[in-house]
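Each chain, written out:
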Amino acid sequence: MGTKEQWEALSAECAGCRACPLSQTRTKLVFGVGNPESEVLLIGEGPGEQEDLQGVPFVGPAGKLLDQMLEMIDLDRSRVYIANVVKCRPPRNRDPQPNEQQACRHWLDRQIALIDPKIIVCLGRIAGTAIIREDFRITREHGQWFDLGGRRVMATYHPSALLRDLSKRPEAFMDLRALRKEIREICTRTY
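Below you will find a few notes about this structure. (Residues numbered from 1 in each chain as written. Predicted model: local features only at pLDDT ≥ 70, side-chain atom pairs only at ≥ 80, totals over all residues. Heavy atoms only, no water.)

### A look at a nonpolar patch on the surface
Then step 1. Taken together, the side chains of Met 72, Phe 173 and Met 174 define a hydrophobic patch exposed on the protein surface, amounting to about 290 Å² of accessible area.
Then step 2. Mapped onto the elements, Met 72 comes out in helix H4 (residues 61-72). (Patch = residues over 30% accessible without salt bridge, like charges linked within 9 Å, V, L, I, M, F, W, Y side chains within 5 Å. Areas by Shrake-Rupley, 256 points an atom, 1.4 Å probe, with all protein chains shown as cover. Salt bridge = Lys/Arg side-chain N within 4 Å of Asp/Glu carboxyl O. Helix = DSSP H or I, 4+ residues; strand = E, 2+ residues; numbered from the N terminus.)

Here it is in C-alpha cells:
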C-alpha cells in the first residue's frame, strides 16, 4: 500500500503526461478514485464525456449503474479503488487504441503496485484484454477467475454494455456474486 505522498506524486506526474495524442484533447485527467488501501481494484477502459469533465471515473450513466452493482454486493466507492486502462478520454468515446493503451500502461501498473490488491475486476472487454490476455473474450470468459502475479483477476461486462443490452444483466449479477464470494474468501479486511 502506497503512502499519501506516493499517491500525490504519481497523480501529479501522470497529470503531466503527454505520451499520446489523448493528452492534447482531454479536459481533465481521470486518474482514479476510491480507497487506495482497498484489496479490490476495478479497472475500466477509459473516461467518457462526463468523466473527462469531472476528472473522476464512472460518473455518467454507466457510473450510476456501477454504483448499483457494487451496492448489490455490499460495496461502494469508499471500499474499492477504481481506475482505467487509459487516463484521458478517447475522442467520441471510441475504444482506446493499442498505442494509447501502451503509452498509458505504466500509470496503471504503478497504481496496481501502490494498491497491491488481492482482487482485480476488469470492467469490459478492453480492460480484460489489457489485463488478462490479448485474446480474452468477455462473452465467453466473464466471471472466470485467473491467477495473475499472485492476484485473483476476473472480468465482467462493462456497465455501459449492460445499459445497452439488458439481457446480459443476469450474467453480470452472477459475476458479482462470484466476486462477493472471492472477497469473503481471500480478503483480510472486512468488506
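### Section: the pairing of strand S6 (residues 151-156)
Then step 1. Of all six residues making up S6, five are buried, and the element is well covered by its neighbours.
Then step 2. Inspection of the sheet shows strand S4 (residues 119-123) paired to S6 by five bridges, in the parallel sense. Directly across from Ile 120, in S6, lies its bridge partner Val 153.
Then step 3. Taking the residues between adjacent antiparallel strands as the criterion, strand S5 (residues 146-148) and S6 are bridged by two residues, where Gly 149 takes a positive phi near 60 degrees. (Buried < 20%, exposed > 50% of the residue type's maximum accessible area, 1.4 Å probe, protein only. Pairing = 2+ DSSP bridges.)

### Section: the environment of Gly 34
Then step 1. Within the secondary structure, Gly 34 sits in strand S1 (residues 33-34).
Then step 2. A residue is classified by how much of its surface remains accessible, and Gly 34, at 32% relative accessible area, is partly exposed.
Then step 3. Distance in space between the C-alpha atoms of Gly 34 and Val 85 is 16 Å, their sequence separation being 51 residues.

### Observations regarding the packing of aromatic side chains
Then step 1. Inspection of the entire model under this criterion finds three aromatic pairs.
Then step 2. Judged by centre distance (6.1 Å) and plane angle (75 degrees), the ring pair of Phe 136 and Phe 146 falls under edge-to-face. Taken together, the positions of Phe 136 in the loop between helix H6 (125-131) and helix H7 (138-141) and Phe 146 in strand S5 put the pair 10 residues apart, joining distant regions of the chain. Each member of the pair, Phe 136 as well as Phe 146, is classed as buried.
Then step 3. Aromatic ring contacts, followed pair by pair, group Trp 7, Phe 31 and Tyr 81 into a single cluster. (Phe/Tyr/Trp six-rings, centres within 6.5 Å; stacked < 30°, edge-to-face > 60°.)

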